[in-house]
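What follows is the residue order along each chain.
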Amino acid sequence: AYSLSFAAPIKDSCQSWALLSAEVEGGKIRVEMSRPLTNEDPSDRNFIDDAAWPLEPTKVIAAWGDTATMSYHGTSKRVQSTVRFFGAAAPVDPIASLNANVASSDYTSFLIKPSTSSNTGSSFAIPVQETTYMEFEFPVQGAMGASDDTVAVHMVAAEAVVTPGNEAYVHHFVLDGCSSADCSGTCNKLWAWAPGAPSYALPSTVGFKLMGSGFKCLKIQTHYDNAALKGSLTDDSGIRIYATKVGVALRSQDAGMVVFGDENVVDGLTLPSGKSSTEFQSGTCTSLFADSAVTVFNEGLHMHNKGQVMVATVERGGQVVRSSRVEYYDFDAAGVYTNPSVGAGYTLQKGDVYKVKCFFDTQQSGGVIFGLGSADEMCMSFVSYYPAQAGLTPGACSPQKSKADNAVTGAQFVGGTFASIASLSGF
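Note that residues are indexed from 1 along each chain, following the sequence as it is written. Totals for whole chains, interfaces and linings use every residue, but because this is a predicted model, local features are given only for residues with pLDDT of at least 70 and side-chain atom pairs only at 80 or more, for both listing and counting. The basis for the side-chain values is all heavy atoms of the structure; hydrogens and waters are excluded.

### As for the overall build of the protein chain
Moving on, step 1. A run of H or I in DSSP counts as a helix once it spans at least four residues, and a run of E counts as a strand once it spans at least two, with each numbered from the N terminus. Helix and strand counts for the protein chain stand at 2 helices and 27 strands.
Moving on, step 2. In this scheme, a residue with accessible area under 20% of its type's maximum is buried, one over 50% is exposed, and one in between is partly exposed, where area comes from a 1.4 Å probe on protein chains only. Residues classed as buried in the protein chain amount to 43% of the 427 residues present.
Moving on, step 3. A contact between two residues is defined here by any heavy atoms of the two lying within 4.5 Å. Contacts spanning at least 24 positions in sequence make up 77% of the contacts within the protein chain whose residues lie at least 6 apart.
Moving on, step 4. Here the open area of atoms and residues is found with the Shrake-Rupley method and a 1.4 Å probe, where only the protein chains shown may cover a residue. Counting every atom, the protein chain has about 20000 Å² of accessible surface; 52% of that belongs to carbon and sulfur.

### Let's talk about unusual backbone geometry
Moving on, step 1. In this chain, Y386 is followed by P387 through a cis amide linkage whose omega measures -5°.
Moving on, step 2. Its location among the elements puts P387 in the loop between β25 (380–386) and β26 (412–413).
Moving on, step 3. Although it is not a glycine, M211 adopts a positive phi angle of roughly 60°.
Moving on, step 4. The topology assignment puts M211 in the loop between β12 (206–210) and β13 (217–225).

### Considering the pattern of salt bridges
Moving on, step 1. A pair is scored as a salt bridge if a Lys or Arg side-chain nitrogen falls within 4 Å of a carboxyl oxygen belonging to Asp or Glu. Tallied over the entire structure, the rule returns 11 salt bridges.
Moving on, step 2. Between K113 and D236 there is a salt bridge; the shortest N-O distance is 3.6 Å. Of this pair, K113 sits in the loop between β5 (107–112) and β6 (124–126) while D236 sits in the loop between β14 (233–235) and β15 (238–244), placing them 123 residues apart in sequence.
Moving on, step 3. Of the residues examined, D236 reaches a relative accessible area of 18% and is grouped as buried.
Moving on, step 4. Counted as one network, the salt bridges with shared partners bring together E23, E25 and R30.

### What about the sheet that holds strand β9 (residues 170–178)?
Moving on, step 1. Here, any two strands with at least 2 DSSP bridges between them count as paired. Taken together, the 4 strands give an open sheet; going across it, the order is β7-β13-β9-β10, and neighbouring strands pair in antiparallel fashion. Here the strands that pair on one side only, and so sit at the sheet edges, are β7 (131–139) and β10 (187–193). Taking each pair of neighbouring strands and ignoring which way they run, the sheet shows an average axis angle of 20°.
Moving on, step 2. Of the strand pairs in this sheet, β7 and β13 are connected by 9 bridges, and their pairing is antiparallel. Bridging from a neighbouring strand, P139 pairs with C217 of β13. Simply put, an axis is a line fit to the C-alpha atoms, just over the touching stretch for a helix, and the angle between two N-to-C directions goes from 0 to 180 degrees.

### So, the confidence of the model for the protein chain
Moving on, step 1. Here the protein chain averages 84 in pLDDT, while 88% of its residues score no lower than 70.
Moving on, step 2. pLDDT is a residue-level measure of predictor confidence that goes from 0 to 100. Scored below 50 in pLDDT, residues 415–427 shows 32 contacts in the model against residues more than four places distant or in partner chains.

### Structural notes on a nonpolar patch on the surface
Moving on, step 1. Where nonpolar side chains cluster on the molecular surface, the patch consists of W17, L19, V24, I29, V31 and M33 and spans about 650 Å² of accessible area.
Moving on, step 2. Broken down by secondary-structure element, the contributors of at least two residues to the nonpolar patch are β1 (18–25) and β2 (28–34).
Moving on, step 3. Examining the composition of the nonpolar patch, we find that 3 residues originate from one element, β2, more than from any other.
Moving on, step 4. With a relative accessible area of 42%, W17 lands in the partly exposed category. A patch is a set of surface residues, each over 30% in relative accessible area and not in a salt bridge, joined within 9 Å for like charges and within 5 Å for the nonpolar side chains Val, Leu, Ile, Met, Phe, Trp and Tyr.

### Thoughts on the environment of A290
Moving on, step 1. Along the chain, the position of A290 falls in the loop between β18 (275–281) and β19 (293–302).
Moving on, step 2. When its relative accessible area of 68% is taken as the criterion, A290 is described as exposed.
Moving on, step 3. Spatially, the C-alpha atom of A290 lies 6.9 Å from that of G391, the residues being 101 residues apart in sequence.

### Some thoughts on the pairing of β10
Moving on, step 1. Of all 7 residues in β10, 5 are buried, a share of seventy percent or more.
Moving on, step 2. Relative to β10, β9 runs antiparallel, the two sharing 6 bridges. Residue pairing across strands places F173 opposite W193, the latter belonging to β10.

### Things to note about the state of the cysteines
Moving on, step 1. Criterion for a disulfide: a pair of cysteine sulfur atoms within 2.5 Å. Scanning the entire structure with this criterion turns up 4 disulfides.
Moving on, step 2. With a sulfur-sulfur separation of 2.1 Å, C178 is cross-linked through a disulfide to C187. One disulfide, between C178 and C187, carries an S-S torsion of 110° and so falls in the right-handed class. C187 shares its class with C178; the two are buried.
Moving on, step 3. Across the disulfide, C285 is cross-linked to C397 (sulfur-sulfur distance 2.0 Å). Judged by the torsion about the S-S bond (100°), the C285/C397 disulfide is right-handed. One end of the pair, C285, is in the loop between β18 and β19; the other, C397, is in the loop between β25 and β26, with 112 residues separating them in the sequence. For the pair C285 and C397, one class covers both residues: buried.
Moving on, step 4. For the protein chain, the disulfide bridges join cysteines in the arrangement 1-3, 2-4, 5-8, 6-7, where the cysteines are counted in sequence order.

Structure (C-alpha coordinates):
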(Lines give C-alpha, C1' and ligand atoms only; values in the text may rest on other atoms or scores of the structure.)
Protein backbone atom coordinates (compact mmCIF):
# COMPACT_ATOMS: atom_id res chain seq x y z
CA ALA A 1 0.00 0.00 0.00
CA TYR A 2 1.04 3.62 -0.38
CA SER A 3 -0.27 7.02 0.65
CA LEU A 4 -0.10 10.50 -0.87
CA SER A 5 -1.68 12.35 2.05
CA PHE A 6 -2.79 12.01 5.68
CA ALA A 7 -5.50 9.51 4.76
CA ALA A 8 -6.15 5.78 4.46
CA PRO A 9 -3.43 3.99 2.44
CA ILE A 10 -4.22 2.94 -1.11
CA LYS A 11 -3.77 -0.74 -1.96
CA ASP A 12 -0.88 -1.20 -4.36
CA SER A 13 -1.67 -3.23 -7.48
CA CYS A 14 1.99 -4.20 -7.86
CA GLN A 15 3.38 -6.09 -4.86
CA SER A 16 7.17 -6.01 -4.60
CA TRP A 17 7.53 -6.41 -0.84
CA ALA A 18 8.04 -9.89 0.68
CA LEU A 19 7.38 -10.70 4.34
CA LEU A 20 10.30 -12.71 5.72
CA SER A 21 9.33 -12.97 9.38
CA ALA A 22 7.15 -11.43 12.07
CA GLU A 23 7.00 -11.87 15.84
CA VAL A 24 5.51 -10.23 18.92
CA GLU A 25 7.70 -9.93 21.99
CA GLY A 26 7.30 -7.80 25.11
CA GLY A 27 4.34 -5.93 23.67
CA LYS A 28 6.29 -5.03 20.52
CA ILE A 29 6.02 -6.38 17.01
CA ARG A 30 9.14 -7.03 14.94
CA VAL A 31 8.75 -7.41 11.19
CA GLU A 32 11.42 -8.31 8.63
CA MET A 33 10.68 -7.54 4.99
CA SER A 34 12.56 -7.29 1.71
CA ARG A 35 12.15 -5.39 -1.55
CA PRO A 36 14.31 -4.71 -4.62
CA LEU A 37 16.31 -1.47 -4.33
CA THR A 38 14.80 -0.25 -7.60
CA ASN A 39 11.69 -1.26 -9.51
CA GLU A 40 9.25 0.06 -12.08
CA ASP A 41 6.34 0.55 -9.69
CA PRO A 42 5.49 4.28 -9.75
CA SER A 43 4.00 3.99 -6.25
CA ASP A 44 7.29 2.84 -4.70
CA ARG A 45 10.35 4.92 -3.89
CA ASN A 46 13.68 3.66 -5.17
CA PHE A 47 16.47 3.33 -2.62
CA ILE A 48 19.23 5.87 -3.35
CA ASP A 49 22.83 5.43 -2.25
CA ASP A 50 23.06 7.55 0.92
CA ALA A 51 26.64 6.65 1.87
CA ALA A 52 28.39 9.82 0.72
CA TRP A 53 28.46 13.31 2.22
CA PRO A 54 26.45 15.57 2.18
CA LEU A 55 23.57 13.12 2.02
CA GLU A 56 21.76 12.46 5.26
CA PRO A 57 20.40 9.02 6.13
CA THR A 58 17.27 8.04 4.22
CA LYS A 59 14.07 9.28 5.84
CA VAL A 60 11.69 6.47 6.79
CA ILE A 61 8.02 6.77 7.74
CA ALA A 62 6.24 3.82 9.38
CA ALA A 63 2.60 3.37 10.39
CA TRP A 64 0.60 0.47 11.78
CA GLY A 65 -2.91 -0.60 12.75
CA ASP A 66 -4.47 -3.23 14.98
CA THR A 67 -7.47 -4.28 12.88
CA ALA A 68 -7.87 -6.43 9.79
CA THR A 69 -9.24 -3.46 7.85
CA MET A 70 -6.73 -1.04 6.37
CA SER A 71 -7.51 2.50 7.53
CA TYR A 72 -5.86 5.79 8.39
CA HIS A 73 -3.48 5.22 11.29
CA GLY A 74 -4.09 8.58 12.98
CA THR A 75 -1.48 10.54 14.90
CA SER A 76 -0.64 7.93 17.55
CA LYS A 77 0.36 4.97 15.36
CA ARG A 78 3.11 6.37 13.22
CA VAL A 79 6.79 7.18 13.52
CA GLN A 80 9.43 9.08 11.54
CA SER A 81 13.07 8.11 11.63
CA THR A 82 16.19 7.82 9.47
CA VAL A 83 18.21 4.81 8.35
CA ARG A 84 21.50 4.85 6.47
CA PHE A 85 21.02 1.92 4.08
CA PHE A 86 24.36 2.14 2.27
CA GLY A 87 27.95 2.18 3.52
CA ALA A 88 29.55 0.37 6.42
CA ALA A 89 29.55 3.48 8.61
CA ALA A 90 28.49 7.09 8.65
CA PRO A 91 30.39 9.12 6.04
CA VAL A 92 33.17 11.44 7.12
CA ASP A 93 31.65 14.83 7.94
CA PRO A 94 33.96 17.47 6.41
CA ILE A 95 32.60 20.10 8.81
CA ALA A 96 33.61 17.95 11.78
CA SER A 97 37.04 17.42 10.21
CA LEU A 98 37.48 21.16 9.72
CA ASN A 99 36.47 21.85 13.34
CA ALA A 100 38.85 19.20 14.65
CA ASN A 101 41.82 20.54 12.71
CA VAL A 102 41.11 24.24 12.30
CA ALA A 103 43.82 25.37 14.74
CA SER A 104 46.63 23.45 13.04
CA SER A 105 45.45 23.37 9.43
CA ASP A 106 45.30 25.74 6.47
CA TYR A 107 41.72 26.67 7.35
CA THR A 108 40.01 29.06 9.74
CA SER A 109 36.42 29.68 10.76
CA PHE A 110 34.37 32.68 11.85
CA LEU A 111 30.76 33.11 12.96
CA ILE A 112 28.62 35.84 11.42
CA LYS A 113 25.43 36.70 13.30
CA PRO A 114 23.28 39.77 14.10
CA SER A 115 25.35 40.85 17.11
CA THR A 116 28.49 41.01 14.93
CA SER A 117 26.89 42.60 11.85
CA SER A 118 27.95 46.05 10.65
CA ASN A 119 24.37 47.30 10.23
CA THR A 120 22.83 46.16 13.54
CA GLY A 121 25.58 45.18 15.98
CA SER A 122 23.19 43.52 18.41
CA SER A 123 20.79 40.61 18.72
CA PHE A 124 17.64 41.08 16.65
CA ALA A 125 14.23 41.64 18.23
CA ILE A 126 11.83 39.48 16.22
CA PRO A 127 8.76 41.61 15.38
CA VAL A 128 5.29 40.56 16.50
CA GLN A 129 4.15 39.70 12.98
CA GLU A 130 3.99 36.48 11.00
CA THR A 131 6.66 37.16 8.38
CA THR A 132 9.81 39.27 8.69
CA TYR A 133 12.81 39.42 6.36
CA MET A 134 15.97 40.97 7.79
CA GLU A 135 19.39 41.38 6.17
CA PHE A 136 22.60 41.40 8.22
CA GLU A 137 25.88 42.63 6.67
CA PHE A 138 29.47 41.55 7.39
CA PRO A 139 32.56 43.03 5.70
CA VAL A 140 34.80 40.01 5.19
CA GLN A 141 38.00 41.74 6.29
CA GLY A 142 36.57 42.53 9.71
CA ALA A 143 34.79 39.19 10.10
CA MET A 144 38.06 37.33 9.41
CA GLY A 145 40.25 39.73 11.35
CA ALA A 146 42.42 40.30 8.26
CA SER A 147 44.83 43.25 8.06
CA ASP A 148 43.41 44.23 4.66
CA ASP A 149 41.11 42.82 1.98
CA THR A 150 43.56 42.65 -0.92
CA VAL A 151 44.58 38.98 -0.44
CA ALA A 152 41.92 36.48 -1.50
CA VAL A 153 40.79 33.41 0.43
CA HIS A 154 38.34 30.66 -0.45
CA MET A 155 35.15 29.92 1.51
CA VAL A 156 35.05 26.11 1.63
CA ALA A 157 32.13 25.29 3.93
CA ALA A 158 29.28 26.77 5.96
CA GLU A 159 26.91 25.63 8.69
CA ALA A 160 23.82 27.15 10.28
CA VAL A 161 24.01 28.12 13.96
CA VAL A 162 20.50 28.72 15.32
CA THR A 163 19.99 30.32 18.73
CA PRO A 164 18.76 27.53 21.08
CA GLY A 165 14.99 27.83 21.57
CA ASN A 166 14.48 29.80 18.35
CA GLU A 167 14.29 26.83 15.98
CA ALA A 168 10.58 27.42 15.36
CA TYR A 169 11.12 31.06 14.34
CA VAL A 170 14.07 30.82 11.93
CA HIS A 171 12.44 29.86 8.63
CA HIS A 172 15.53 30.06 6.43
CA PHE A 173 18.87 31.75 5.67
CA VAL A 174 20.15 32.92 2.30
CA LEU A 175 23.87 33.79 2.23
CA ASP A 176 25.01 36.36 -0.35
CA GLY A 177 28.46 37.57 -1.34
CA CYS A 178 28.72 41.22 -2.45
CA SER A 179 31.37 42.96 -4.52
CA SER A 180 31.77 46.02 -2.24
CA ALA A 181 32.91 46.05 1.39
CA ASP A 182 29.71 47.84 2.45
CA CYS A 183 27.54 45.11 0.86
CA SER A 184 26.46 47.40 -1.98
CA GLY A 185 27.04 46.62 -5.64
CA THR A 186 26.37 43.22 -7.18
CA CYS A 187 25.47 40.45 -4.73
CA ASN A 188 25.38 36.77 -5.64
CA LYS A 189 23.88 33.89 -3.71
CA LEU A 190 26.35 31.49 -2.10
CA TRP A 191 24.14 29.17 -0.02
CA ALA A 192 20.53 28.62 1.05
CA TRP A 193 19.58 26.84 4.27
CA ALA A 194 16.30 25.84 5.88
CA PRO A 195 15.54 23.48 8.80
CA GLY A 196 16.51 19.91 7.98
CA ALA A 197 19.10 20.89 5.36
CA PRO A 198 22.66 19.61 5.94
CA SER A 199 25.71 21.79 6.34
CA TYR A 200 27.39 22.95 3.14
CA ALA A 201 30.82 21.64 2.17
CA LEU A 202 32.30 22.35 -1.25
CA PRO A 203 34.38 19.80 -3.20
CA SER A 204 38.05 19.70 -2.21
CA THR A 205 39.20 21.71 -5.24
CA VAL A 206 36.43 24.34 -5.15
CA GLY A 207 35.70 27.49 -3.12
CA PHE A 208 33.87 30.81 -3.22
CA LYS A 209 36.46 33.58 -3.52
CA LEU A 210 36.35 36.15 -0.69
CA MET A 211 38.42 39.37 -0.61
CA GLY A 212 41.03 40.10 -3.28
CA SER A 213 39.08 40.00 -6.56
CA GLY A 214 36.27 38.11 -4.82
CA PHE A 215 33.38 39.06 -2.56
CA LYS A 216 34.27 41.79 -0.04
CA CYS A 217 31.10 41.55 2.06
CA LEU A 218 28.82 38.72 3.21
CA LYS A 219 25.12 39.23 3.77
CA ILE A 220 22.64 36.95 5.55
CA GLN A 221 18.97 37.28 4.65
CA THR A 222 17.03 35.74 7.54
CA HIS A 223 13.35 34.90 7.21
CA TYR A 224 11.64 34.93 10.60
CA ASP A 225 8.32 33.12 11.03
CA ASN A 226 6.34 34.24 14.08
CA ALA A 227 2.92 32.78 13.24
CA ALA A 228 1.88 32.74 16.92
CA LEU A 229 2.65 36.49 17.19
CA LYS A 230 4.77 35.93 20.26
CA GLY A 231 6.41 38.96 21.82
CA SER A 232 9.77 39.53 23.56
CA LEU A 233 11.72 37.29 21.19
CA THR A 234 15.36 38.05 20.40
CA ASP A 235 17.61 36.15 18.02
CA ASP A 236 21.32 35.88 17.31
CA SER A 237 21.24 33.02 14.79
CA GLY A 238 23.83 33.04 12.05
CA ILE A 239 26.25 31.07 9.89
CA ARG A 240 29.71 29.73 10.65
CA ILE A 241 31.98 30.22 7.65
CA TYR A 242 35.04 28.03 6.98
CA ALA A 243 37.74 29.48 4.74
CA THR A 244 41.36 29.07 3.77
CA LYS A 245 43.70 31.17 5.88
CA VAL A 246 45.13 34.40 4.45
CA GLY A 247 48.30 33.61 2.54
CA VAL A 248 47.43 29.93 1.99
CA ALA A 249 47.21 28.78 -1.65
CA LEU A 250 43.71 29.03 -3.09
CA ARG A 251 41.85 26.03 -4.44
CA SER A 252 41.94 25.51 -8.20
CA GLN A 253 38.30 26.36 -8.98
CA ASP A 254 36.04 29.31 -8.08
CA ALA A 255 32.45 28.33 -7.27
CA GLY A 256 29.25 30.00 -8.38
CA MET A 257 25.55 29.65 -7.65
CA VAL A 258 22.53 30.17 -9.89
CA VAL A 259 18.85 29.92 -8.93
CA PHE A 260 16.46 28.30 -11.37
CA GLY A 261 12.68 28.49 -10.97
CA ASP A 262 10.94 31.49 -9.45
CA GLU A 263 13.88 33.30 -7.81
CA ASN A 264 12.32 36.73 -8.34
CA VAL A 265 8.82 35.66 -7.17
CA VAL A 266 6.67 36.72 -10.14
CA ASP A 267 3.69 38.93 -9.24
CA GLY A 268 0.16 37.61 -9.50
CA LEU A 269 0.66 33.83 -9.42
CA THR A 270 -2.13 32.18 -7.41
CA LEU A 271 -2.63 28.48 -6.75
CA PRO A 272 -6.17 27.15 -7.12
CA SER A 273 -7.84 25.09 -4.41
CA GLY A 274 -6.94 21.44 -4.92
CA LYS A 275 -3.95 19.75 -6.49
CA SER A 276 -2.02 21.72 -9.07
CA SER A 277 1.36 22.14 -10.69
CA THR A 278 3.45 24.89 -12.23
CA GLU A 279 6.63 24.91 -14.26
CA PHE A 280 9.38 27.50 -14.76
CA GLN A 281 12.11 27.31 -17.38
CA SER A 282 15.45 29.07 -17.66
CA GLY A 283 15.14 30.09 -21.29
CA THR A 284 18.46 31.10 -22.83
CA CYS A 285 20.28 32.21 -19.67
CA THR A 286 22.96 29.50 -19.92
CA SER A 287 24.11 31.16 -23.15
CA LEU A 288 25.65 33.74 -20.79
CA PHE A 289 28.28 31.15 -19.78
CA ALA A 290 31.79 32.22 -20.76
CA ASP A 291 32.83 28.56 -20.73
CA SER A 292 31.28 25.81 -22.83
CA ALA A 293 30.11 23.92 -19.75
CA VAL A 294 30.10 23.94 -15.92
CA THR A 295 29.99 21.14 -13.35
CA VAL A 296 27.06 21.15 -10.92
CA PHE A 297 28.04 19.80 -7.49
CA ASN A 298 25.00 20.66 -5.38
CA GLU A 299 21.29 21.10 -6.10
CA GLY A 300 18.93 22.36 -3.36
CA LEU A 301 15.21 22.11 -4.12
CA HIS A 302 12.89 24.49 -2.25
CA MET A 303 9.14 24.94 -1.80
CA HIS A 304 7.00 25.77 1.23
CA ASN A 305 4.42 23.75 3.16
CA LYS A 306 1.95 23.14 0.32
CA GLY A 307 4.65 21.61 -1.88
CA GLN A 308 4.33 17.86 -2.49
CA VAL A 309 6.64 16.83 -5.35
CA MET A 310 9.37 18.67 -7.27
CA VAL A 311 10.99 17.79 -10.60
CA ALA A 312 14.09 19.36 -12.20
CA THR A 313 15.09 18.59 -15.80
CA VAL A 314 17.87 19.66 -18.16
CA GLU A 315 17.12 19.84 -21.88
CA ARG A 316 19.75 19.99 -24.61
CA GLY A 317 18.71 20.53 -28.21
CA GLY A 318 15.09 19.88 -27.28
CA GLN A 319 15.88 16.52 -25.63
CA VAL A 320 15.81 15.78 -21.88
CA VAL A 321 19.34 14.75 -20.88
CA ARG A 322 18.83 14.75 -17.13
CA SER A 323 15.83 14.48 -14.82
CA SER A 324 15.70 14.43 -11.02
CA ARG A 325 12.92 14.71 -8.51
CA VAL A 326 12.03 14.73 -4.85
CA GLU A 327 9.18 12.24 -4.55
CA TYR A 328 7.98 13.26 -1.11
CA TYR A 329 8.66 16.86 -0.17
CA ASP A 330 8.25 17.88 3.46
CA PHE A 331 9.38 21.40 4.38
CA ASP A 332 9.62 20.56 8.08
CA ALA A 333 11.94 17.62 7.32
CA ALA A 334 14.14 19.40 4.77
CA GLY A 335 13.17 22.89 3.67
CA VAL A 336 16.06 22.89 1.17
CA TYR A 337 16.22 19.32 -0.12
CA THR A 338 19.76 18.29 -1.09
CA ASN A 339 19.23 16.29 -4.26
CA PRO A 340 21.09 12.95 -3.91
CA SER A 341 21.05 12.26 -7.65
CA VAL A 342 23.71 14.95 -8.18
CA GLY A 343 26.28 12.50 -6.80
CA ALA A 344 29.81 13.49 -7.84
CA GLY A 345 28.41 16.16 -10.15
CA TYR A 346 26.89 16.57 -13.60
CA THR A 347 27.57 18.78 -16.62
CA LEU A 348 25.44 21.78 -17.55
CA GLN A 349 26.36 23.00 -21.02
CA LYS A 350 26.11 26.43 -22.57
CA GLY A 351 22.66 26.69 -24.16
CA ASP A 352 21.01 24.03 -21.96
CA VAL A 353 17.49 24.75 -20.69
CA TYR A 354 16.80 24.01 -17.01
CA LYS A 355 13.16 23.42 -16.02
CA VAL A 356 11.68 23.30 -12.54
CA LYS A 357 8.21 21.82 -12.01
CA CYS A 358 6.45 21.94 -8.64
CA PHE A 359 3.32 20.13 -7.50
CA PHE A 360 1.12 21.53 -4.72
CA ASP A 361 -1.82 20.40 -2.61
CA THR A 362 -4.02 23.29 -1.44
CA GLN A 363 -7.22 21.31 -0.82
CA GLN A 364 -7.49 22.76 2.67
CA SER A 365 -6.54 26.32 1.74
CA GLY A 366 -7.42 27.95 -1.57
CA GLY A 367 -6.04 31.25 -2.78
CA VAL A 368 -2.41 30.48 -1.90
CA ILE A 369 -0.09 32.89 -3.74
CA PHE A 370 3.56 32.79 -4.73
CA GLY A 371 5.31 35.18 -2.37
CA LEU A 372 7.78 35.76 0.45
CA GLY A 373 5.44 34.93 3.34
CA SER A 374 5.62 31.71 5.34
CA ALA A 375 2.11 30.79 4.18
CA ASP A 376 2.91 31.65 0.54
CA GLU A 377 4.55 29.28 -1.93
CA MET A 378 7.82 29.11 -3.84
CA CYS A 379 9.40 26.89 -6.52
CA MET A 380 13.20 27.21 -6.70
CA SER A 381 16.31 25.16 -7.35
CA PHE A 382 19.59 26.49 -5.86
CA VAL A 383 22.36 25.13 -8.08
CA SER A 384 26.04 25.30 -7.03
CA TYR A 385 28.62 24.85 -9.78
CA TYR A 386 32.16 25.51 -10.97
CA PRO A 387 33.92 27.33 -12.54
CA ALA A 388 32.10 30.56 -11.66
CA GLN A 389 30.62 32.43 -14.65
CA ALA A 390 30.93 36.20 -14.29
CA GLY A 391 28.38 36.87 -17.03
CA LEU A 392 25.61 35.00 -15.23
CA THR A 393 23.95 37.87 -13.34
CA PRO A 394 21.64 37.35 -10.32
CA GLY A 395 18.08 36.53 -11.37
CA ALA A 396 19.04 35.93 -15.02
CA CYS A 397 17.71 32.35 -15.04
CA SER A 398 14.31 33.08 -13.49
CA PRO A 399 11.29 35.03 -14.73
CA GLN A 400 11.44 38.71 -13.84
CA LYS A 401 9.12 39.94 -11.11
CA SER A 402 7.11 41.87 -13.70
CA LYS A 403 5.66 39.58 -16.36
CA ALA A 404 6.27 42.30 -18.97
CA ASP A 405 10.04 42.04 -18.46
CA ASN A 406 10.34 38.29 -19.03
CA ALA A 407 11.27 38.56 -22.71
CA VAL A 408 14.74 39.81 -21.73
CA THR A 409 16.21 36.39 -20.90
CA GLY A 410 13.52 34.05 -22.15
CA ALA A 411 12.98 32.69 -18.64
CA GLN A 412 9.30 32.17 -18.24
CA PHE A 413 6.33 30.80 -16.39
CA VAL A 414 5.36 27.98 -18.75
CA GLY A 415 1.76 28.00 -19.91
CA GLY A 416 0.69 31.07 -17.96
CA THR A 417 -1.92 29.18 -15.94
CA PHE A 418 -1.82 26.33 -13.45
CA ALA A 419 -2.85 22.93 -14.79
CA SER A 420 -4.98 20.91 -12.39
CA ILE A 421 -3.92 17.30 -11.93
CA ALA A 422 -6.10 14.47 -10.69
CA SER A 423 -3.44 12.75 -8.61
CA LEU A 424 0.23 13.04 -7.67
CA SER A 425 0.68 9.30 -8.15
CA GLY A 426 3.61 8.53 -10.43
CA PHE A 427 5.38 11.87 -10.07
